[in-house]
Amino acid sequence: ACYAACPVVDTHKDYIGPHAFAKANRFIRDSRDEGTYERLKILGESDGVFRCHTVFSCQEVCPKEINASGSISELKMLITKAAFTTFDKSKLNR
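Conventions we followed
Residues numbered from 1 in each chain as written. Predicted model: local features only at pLDDT ≥ 70, side-chain atom pairs only at ≥ 80, totals over all residues. Heavy atoms only, no water. Helix = DSSP H or I, 4+ residues; strand = E, 2+ residues; numbered from the N terminus. Rg over C-alpha atoms; globule rule 2.2 N^0.38 Å. Buried < 20%, exposed > 50% of the residue type's maximum accessible area, 1.4 Å probe, protein only. Contact = heavy atoms within 4.5 Å. Axes fitted to C-alpha atoms, helices over the stretch in contact; angles between N-to-C directions. Parallel < 35°, antiparallel > 145°, perpendicular 65-115°, else oblique. Left-handed = near helix turned anticlockwise from the far one by under 90°. Nonpolar A, V, L, I, M, F, W, Y, C, P; charged D, E, K, R; others polar. 1 Å grid on protein atoms, 1.4 Å probe; cavity = no way out; pocket = protein on both sides within 12 Å on 5 of 7 lines; lining within 4 Å. Points joined across faces, edges and corners; volume = space filled by probe spheres on them.

> Explain the overall build of the chain to me, please; I cannot follow it from the model alone.
Secondary structure assignment for the chain yields 6 helices and 0 strands. Listing the helices and strands of the chain from first to last along the sequence gives α-α-α-α-α-α. At 13 Å, the chain has a C-alpha radius of gyration in line with the 12 Å of a compact globule built from 94 residues. By its C-alpha atoms, the chain is 35 × 25 × 20 Å across when sized along the principal axes.

Structure (structure tokens):
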């Protein structure tokens, strides 16, 4: 539902999408995850989170009431922070 509601999907066929972003954020926030840097790199590419227009359509239609827009915002912040600092996963707000 969230992917179909996203207006970016109509214009960018390779867009990763809100569900995948929310799921990736869950793994990145997990202290056991060892793929943080790799995930952030992929999510920061041209079809990643910065392509999101923050329309909130995905959030409005989500049957599980997942805060996809919030996850996307968090990911944007983490990617930006990682680009400018030495990323220390232990300092993430939990």
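After that view of the structure, there is still more to cover.
> So what exactly am I meant to see when it comes to the side chain of Ser 71 here?
You can see Ser 71 is positioned in helix H6 (residues 68-84). Owing to a relative accessible area of 11%, Ser 71 belongs among the buried residues under this scheme. Leaving out residues up to four positions away in the same chain, Ser 71 has contacts with Phe 21, Ala 22 and Asn 25.

> Before we go on, may I ask you to explain the packing of helix H3 (residues 18-29) against H6 in this structure?
Helices that pack against each other are described as a pair by the angle of their axes relative to one another and the distance between those axes. Axis separation between H3 and H6 bottoms out at 9 Å; the angle between their running directions is 60 degrees. Considered as vectors, H3 and H6 are oriented oblique to each other. The way H3 lies across H6 gives a crossing that is left-handed. Contact with H3, carried on its side by Pro 18, Phe 21, Ala 22, Asn 25, Ile 28 and Arg 29, involves Ala 68, Ser 71, Ile 72, Glu 74, Leu 75 and Leu 78 of H6 and no other residues of that element. Considered class by class, the residues forming the contact of H3 with H6 number 8 nonpolar, 2 polar and 2 charged.

> Would you explain empty space enclosed by the protein in this entry?
Over the atoms, a rolling probe the size of a water molecule traces out where space has been left empty. A complete count under the given rule lists 1 cavity of 30 Å³ or more for this structure. Volume-wise, the largest cavity comes out at about 100 Å³. Residue lining of the largest cavity: 14 residues in total, with Cys 6, Cys 52, Val 55, Phe 56 and Cys 58 positioned closest to the centre. Contributions of two or more residues to the lining of the largest cavity are made by helix H2 (7-11), helix H5 (57-61) and H6. Considering only residue class, the lining of the largest cavity consists of 10 nonpolar, 4 polar and no charged.

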